[in-house]
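# A structural walkthrough
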Amino acid sequence: MNARTLRALAPLIAVALALIVPLAVSDRFLLKVFTFCGINALVVVGLALLFGYAGQVSLGHAAFMGLGAYTSAYCTVELGWPWLLGFVAAGVVAALGGLILAIPSLRLKGYYLAMATLGFGLLMSLAFIQAEPITGGVDGFSGIPFPSIGPVEFRSASSLYWLVWGAVGIAVLVAHNITSLRPGRAMRALHGSELGAQACGVDIVGVKVRTFVVSALMAGLAGALYAGVVGFISPSLFTLTASITFIAMTIVGGTSSLAGPILAAVALTLVQYSDALIPGLPRETAQTIQSYQEDIYGLAIVLIVIFAPRGLAGLWKRRSAGNEAS
Amino acid sequence: MRGRTFGWPSAVLLVVLLTALLAIAGCGDSGSEPSGDSTGAASGEPIKIGAILSLTGTYAGLGEPEKNLIEMEVKKINDAGGINGRPVEVIIEDDATDEAQAVAAASRLIEQENVVAIIGATGTGQTMAMRGDIQRAGIPQVSMAGGTVITNPVDPLVFATPWSNTIVVPFTLDYLKGQGITKIGLITDSGGFGKDGQAVFKEAAPKAGVEIVADETLNPGDTDMTAQLTKIKNSDAEAIVMWTAGSEAAIIAKNARDLGIELPIYGSHGIARQEFIDGAGEAAEGVKLAAGKVLDPSLYPEGSEARAVADDFISSYEQAYGEKPGMFPGYAYDALYLVVEAAKRVEGDLTPEALLEQIQATTGWVGIDGTYNMTAEDHNGLTVDDLQMYEISGGKFTPVQ
Amino acid sequence: MSEFLQFLVAGLKNGSIYALIALGFTIVYAATGAINFAQGEFFMLGGMLCVSFTDLGMPLPVAAVAAIAATAAIGAAFELLAVRPIAGDSPLRIIMVTIGGAVVLRQLALHFFGPDERALAPFTEGASLKAFGVAVELQTLWIWGLTALAVVALALLYRKTAFGRAMRATAIRRDAARLVGINAGMMVTVAFALAAGLGALAGVAVAPLTQTAFGVGAAIGVKGFAAAILGGIGNPITAVAGGLLLGLLESFAAGYFDPAYKDGVALVVLLVVLFVAPQGLLAKAGRVKV
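Residues numbered from 1 in each chain as written. Chains lettered and ligands numbered in written order. Predicted model: local features only at pLDDT ≥ 70, side-chain atom pairs only at ≥ 80, totals over all residues.

Moving residue by residue along a regular strand, the side chains alternate between the two faces of the sheet. Residue and element names in this part refer to chain B. Judged by how many residues are buried, strand β1 (residues 47-53) sits mostly within the fold: 6 of 7 residues are covered. In this sheet, strand β2 (residues 88-94) lies alongside β1 in parallel orientation, the contact comprising 7 bridges. By the bridge assignment for β2, glycine 50 is matched with isoleucine 91. At this point the chain moves from β1, through helix α2 (residues 60-79), to the parallel β2, and the crossover so formed is right-handed. Relative to strand β3 (residues 117-120), β1 runs parallel, the two sharing 4 bridges. (Buried ≥ 20, exposed ≤ 12 C-beta atoms within 10 Å, placed from the backbone. Helix = DSSP H or I, 4+ residues; strand = E, 2+ residues; numbered from the N terminus. Pairing = 2+ DSSP bridges. Right-handed = clockwise from strand over helix to strand, strands pointing away.)

Once that is clear, we can look at the sheet that holds β2(B). Residues and elements named next belong to chain B. Strand order in the open sheet formed by 5 strands is β2-β1-β3-β4-β5, with parallel pairing between adjacent strands. Every other strand in the sheet has two partners, leaving β2 and β5 (158-160) as the edge strands with one partner each. Between one strand and the next, the sheet's axes are offset by a mean angle of 20°, whatever the strand orientation. (Axes fitted to C-alpha atoms, helices over the stretch in contact; angles between N-to-C directions.)

On to the packing of helix α2 (residues 39-55) of chain C against helix α9 (residues 217-231) of chain C. Residue and element names in this part refer to chain C. One can describe the packing of α2 onto α9 by two numbers: an axis separation of 7 Å at closest approach and a directional angle of 125°. As far as their axial angle goes, α9 and α2 are oblique. Remark: the crossing between α2 and α9 carries right-handed chirality. Residues Gln39, Gly40, Glu41, Phe43 and Met44 of α2 touch α9, and the partners they reach there are Gly217, Ala218, Ile220, Gly221 and Gly224. Here the contact of α2 with α9 is built from residues that sort into 4 nonpolar, 5 polar and 1 charged. (Parallel < 35°, antiparallel > 145°, perpendicular 65-115°, else oblique. Left-handed = near helix turned anticlockwise from the far one by under 90°. Contact = placed C-beta atoms within 7 Å. Nonpolar A, V, L, I, M, F, W, Y, C, P; charged D, E, K, R; others polar.)

Omega for the peptide link from Gly120(B) to Ala121(B) comes to 10°, which places this bond in the cis form. Tracing the sequence through the fold places Ala121(B) in the loop between β3 and α4 (124-129). Cis peptide bonds are those with omega within 30 degrees of zero, and the linkage from Asn152(B) to Pro153(B) qualifies with 5°. Structurally, Pro153(B) can be placed in the loop between β4 (141-143) and β5. Of note in this structure, Ala96(B) is not a glycine but carries a positive phi near 55°. Within the secondary structure layout, Ala96(B) lies in the loop between β2 and α3 (99-111). Even without glycine at this site, Gln211(C) takes up a positive phi of about 65°. Structurally, the position occupied by Gln211(C) is in the loop between α8 (184-210) and α9. Assessed through the 26 C-beta atoms surrounding it within 10 Å, Gln211(C) is described here as buried.

Function cannot be inferred from these measures alone, as they are strictly geometric.
Here it is in structure tokens:
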């Protein structure tokens with residue numbers, strides 16, 4: 001096995017290792033925290049794809065997560081569909097949402113695309129509140145069943161963990177295929193120069209739309225998983241703050257890899273649960289960490305963008321750092 | 001640059017991290033030993049109760065006094081022998097006024113700490129958010145949030161200490177009717193509390209002989225209610241009734257006065273706090289609202305149990321924290337003691353089921369909000385007798401007849 | 001009729017606030033070609049600082065001026081510390097830095113000023129003016145007066161002073177401006193300070209009517225941007241017009257339809273303009289490149 005094959009397999013090995021965790025952890029809450037890490041990682045894989053490979057930005061990804069979460073909740077609870085069908089529907093609705101936003105956004109770049117996604121995210125937050133018959137309004141949507149596939153119900157902490165990280169693994173595979181095959185090269189070209197890519201015959205429009213849709217789809221599926229794992233969703237989960245948290249994870253991780261953002265998603269999610277992670281941590285300390293959590297996100301974004309534009313992943317790629325920093 | 005998409009070093013890092021996770025998780029396994037330092041009069045294994053409060057975020061101003069109160073009273077309870085000789089340990093978690101964190105906190109308290117009951121949350125949204133975990137665990141929850149949705153319809157596991165809209169709204173309507181007001185302009189927020197109030201008003205107004213001639217809503221966070229008030233002004237409303245608990249209420253009062261509307265203004269019990277008076281300034285003068293008698297304990301007869309409880313609550317809070325308690329520590333007091341008193345009545349093993357049964361069996365217990373009588377159909381337990389109409393005058397809540 | 005007029009007054013009141021925020025976006029855009037996603041936080045800082053200064057015992061006019069000056073200084077520092085190191089870089093990075101900066105500013109305000117909403121006394125005590133069945137709060141008159149003053153002062157600054165000409169020259173061609181001896185970096189810092197000051201002015205002026213809190217920045221920022229884009233970004237005159245128009249749209253939507261959808265108006269306007277005519281509906285098409 002040469003180094004290149006190893007490199008390609010590395011993320012899969014990592015995911016495989018992640019899947020072993022429940023065998024070693026008996027604390028159900030810790031497993032749940034790791035499950036949340038996985039859900040965030042799923043959104044972040046999609047964002048990294050959008051961000052790092054297509055050079056596009058979304059400040060409204062929490063909206064797609066919300067679309068997926070509410071779709072899955074509505075389909076399973078109100079329509080009585082099997083969970084898997086609701087899960088698929090969640091992906092479809094989120095992807096459609098992505099398509100609806102992506103098409104008119106095609107002529108937008110940089111600041112304008114960012115503002116459009118921000119506006120879309122805020123509009124969806126309002127919609128989740130106003131569409132009360134479907135979403136339950138501000139009171140939220142409760143009584144969402146555990147995920148199940150056929151007769152298998154994912155009820156225990158470890159089975160939910162496997163389900164979520166399994167989904168992350170599949171997302172990584174999909175993302176890896178997208179990035180290493182021809183469209184992936186097109187996307188990297190996009191990030192560098194759209195004109196250049198176009199001159200080489202790259203279908204920029206197609207690549208942009210497809211990336212946006214795939215990215216929205218991943219967020220939607222993450223939302224459906226969250227709904228199943230927790231059993232309750234409400235509009236305050238899918239706000240601008242959540243979108244910025246996902247951005248922070250992506251930026252900190254580095255936008256030209258997948259391992260970096262996943263790692264950052266795990267690390268930044270754990271910040272929130274420091275009291276559960278470290279037994280005996282005084283409540284005051286945990287509380288301080290929690291109250292400064294958003295400061296950490298904000299500051300991390302600023303510092304990383306200024307001093308380490310390629311994120312954590314970039315810091316480790318010492319050789320490429322010099323060549324590509326500009 | 002092909003093949004550089006997943007750098008080796010970052011993959012190694014990922015592996016290192018996962019190993020670290022495993023190590024931490026391994027430690028976590030043995031981390032369930034009780035950490036209570038029960039040096040008080042009570043001894044034995046502590047009874048663990050969880051409390052989920054908003055100590056940061058939007059409701060931090062509400063949750064902080066609740067935390068103060070709980071810490072103060074738990075010490076008092078343990079000094080006095082705890083629950084049947086066992087000390088109480090209340091594990092306080094911050095939900096940061098965020099539903100997701102409330103869910104995570106409930107999950108941790110249930111699964112890591114094995115609490116027998118949960119007090120909280122501070123807000124309605126957070127209270128509702130943890131319902132799934134409460135149901136899956138089957139433990140009782142006593143909320144300190146005001147939304148009627150919490151106890152209506154009744155969830156067998158969930159109780160709430162603030163007066164529910166289903167008693168405050170009819171009380172307010174009766175008072176209006178007594179003032180000869182039969183046509184009201186209603187303005188409610190679209191959040192949980194206001195929306196709930198609006199529904200209760202629509203149901204109760206016809207019964208009370210009051211007509212809602214304007215029915216306006218606002219979004220939490222709105223900063224200008226001119227449109228809604230103009231519509232109420234142009235209706236034949238004889239009073240403005242506003243059902244919102246946040247800073248929006250102060251804006252309504254100010255906008256109404258600025259628009260030259262002279263109609264009397266009635267508010268909800270959610271504005272029975274100094275922030276409303278500070279926010280509305282002059283415009284707060286004359287605003288009426290129904291709230292508990294604890295705002296003015298002299299309403300209780302001299303020597304009554306309720307008077308003693310209220311006086312003691314106010315003086316010990318003032319002594320400990322240097323300021324008068326608002327409504328919220330009162331909600332926390334009642335929530336804590338509903339659980340503690342019920343736990344004292346449990347004979348044999350203190351299981352969640354036994355505790356639940358005893359909380360529901362609470363009768364004639366005098367708390368801060370009034371006298372609680374829980375039943376299977378009523379998980380709030382208060383009545384209109386616990387309420388009093390107040391008018392804001394001279395920047396103070398003054399009881400009116 | 002009186003109803004219509006009342007909605008008109010409310011619309012122009014809120015519209016003036018949006019206009020000031022939109023001006024802030026415009027000034028920074030003109031100087032750097034960048035959108036500052038932290039613009040709304042300056043609005044928040046203005047109001048919160050003014051309340052804190054009055055709490056310290058300063059008379060209201062002093063506190064207001066001090067709050068605006070302090071916010072302008074924060075705006076300049078924000079540019080120097082966060083934006084300057086990546087000046088001229090890809091929009092993506094500038095978006096990220098200003099977004100991250102906005103979070104930091106909001107959190108700092110939370111830690112310094114606490115989570116509660118804070119009230120500010122009206123500039124002039126007294127009953128509203130009434131005519132034709134319409135009431136106008138005295139504070140609204142202040143808002144209109146201050147907005148008009150700010151717009152006129154800004155116009156004079158840009159058109160009549162050497163400094164203003166340097167600003168405009170930098171906006172048109174930065175490298176050429178540098179060649180004729182203009183300190184372009186300095187211009188950008190000043191632009192951020194001006195934009196922050198205008199945001200703070202709006203925050204101070206409206207605080208007596210609405211109260212203020214650490215978290216009000218993001219929403220007002222988006223509305224101000226919607227106003228700026230409605231007018232066509234980069235043009236101060238149409239930015240003001242865009243602000244007033246957006247205020248009116250909101251007010252009439254709330255008045256004649258449902259107040260619940262008021263906040264949606266600005267967002268729908270934002271998306272429609274971005275998708276249909278990103279160069280702005282009010283500006284001459286093609287004048288500003290996107």
